[in-house]
Amino acid sequence: MEKVGIFFGSSTGNTESAAEAIKGLLGNAELFNVADTKAAKMAEFTNLIIGTSTWGVGDLQDDMEGFVSDMASVDLKGKKVALFGLGDQSSYGDTYCDGMGKVYQALQGKGCDVIGFMPTAGYEFDASVAVDGGEFVGLALDADNQGEKTDERIKTWVAKIQKEFK
Ligand SMILES: Cc1cc2nc3c(=O)[nH]c(=O)nc-3n(C[C@H](O)[C@H](O)[C@H](O)COP(=O)(O)O)c2cc1C
């Protein structure tokens, strides 16, 4: 597997912790906080992971907002991209992990292959733009309500994306 670039945006550290755990399991990966990384950096990797939390009501995490806008001008053709998101399904059940869904939408038409979709079983929420075709478009985590499930979810997902990365 070629080196993986993990780009994350995190306001209170939950997405950052998940990103670190993912890096630990992948091994051959480099972490970038989008608060101080330009989207152009993504061009250096064939395998990419983008992680964001959701704030406001269904908004992208603050730093991720600008990063995703800048992503529009980065050539992502042929790249493998996996997404993960942090959200709170109890308090924000109508916008659960919408941030991850917004990253997914921004990737449409860019010629990259989004991998690592996951089932919605085991979550309780009403609506999410991070669901497409009945599945989450990446790994959905909930440190607020299901923190005890995070390690196992990350492990399962990393095993899956490792097989699909180049
Ligand atoms: C004011 C506020 C608004 C939030 N809005 C949403 C939301 O719309 N959807 C969601 O799934 N989670 C929402 N959350 C939950 C956060 O995404 C969650 O706590 C996440 O773990 C934070 O990750 P971070 O520390 O990496 O930023 C919100 C939390 C707060 C405090």
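Here goes a summary of the coordinates provided. What you see is a predicted model, and the numbers here were worked out from it, not measured in a lab.

1. Thoughts on the environment of Glu20
Within the secondary structure, Glu20 is located in helix 1 (residues 14–26). Placed 93 residues apart in sequence, Glu20 and Asp113 show a C-alpha to C-alpha distance of 23 Å.

2. Focus on the layout of surface pockets
Considered as a void within the structure, the largest pocket measures approximately 290 Å³ in volume. Lining the largest pocket we find 19 residues, and of these Thr54, Trp55, Gly87, Asp88 and Asp144 sit closest to its centre. Elements represented by at least two residues in the lining of the largest pocket include exactly helix 1 and strand 3 (47–55). The greatest single-element share of the lining of the largest pocket, amounting to three residues, is contributed by strand 3.

3. What to know about the site of the ligand
In the vicinity of the ligand, 20 residues are found, and the nearest of them are Ser10, Thr12, Thr15, Ser53 and Thr54. For the ligand, an oxygen atom lies 2.8 Å from a polar atom in the backbone of Ser11. The contact in question runs from an oxygen atom of the ligand to an N or O atom on the side chain of Ser53, over 2.7 Å. Burial of the ligand by the surrounding chains reaches 85%, relative to a free accessible area of 650 Å². When atom positions are compared with the pocket grids, the ligand is found to occupy the largest pocket. For the shell around the ligand, the elements supplying multiple residues, two or more each, are helix 1 and strand 3.

Scoring rules and cut-offs
Residues numbered from 1 in each chain as written. Predicted model: local features only at pLDDT ≥ 70, side-chain atom pairs only at ≥ 80, totals over all residues. Heavy atoms only, no water. Helix = DSSP H or I, 4+ residues; strand = E, 2+ residues; numbered from the N terminus. 1 Å grid on protein atoms, 1.4 Å probe; cavity = no way out; pocket = protein on both sides within 12 Å on 5 of 7 lines; lining within 4 Å. Points joined across faces, edges and corners; volume = space filled by probe spheres on them. Near = heavy atom within 4 Å. Polar contact = N/O pair within 3.5 Å; in protein donor to acceptor, adjacent residues only side chain to side chain. Areas by Shrake-Rupley, 256 points an atom, 1.4 Å probe, with all protein chains shown as cover. Sits in = over half its atoms within 2 Å of the grid points.

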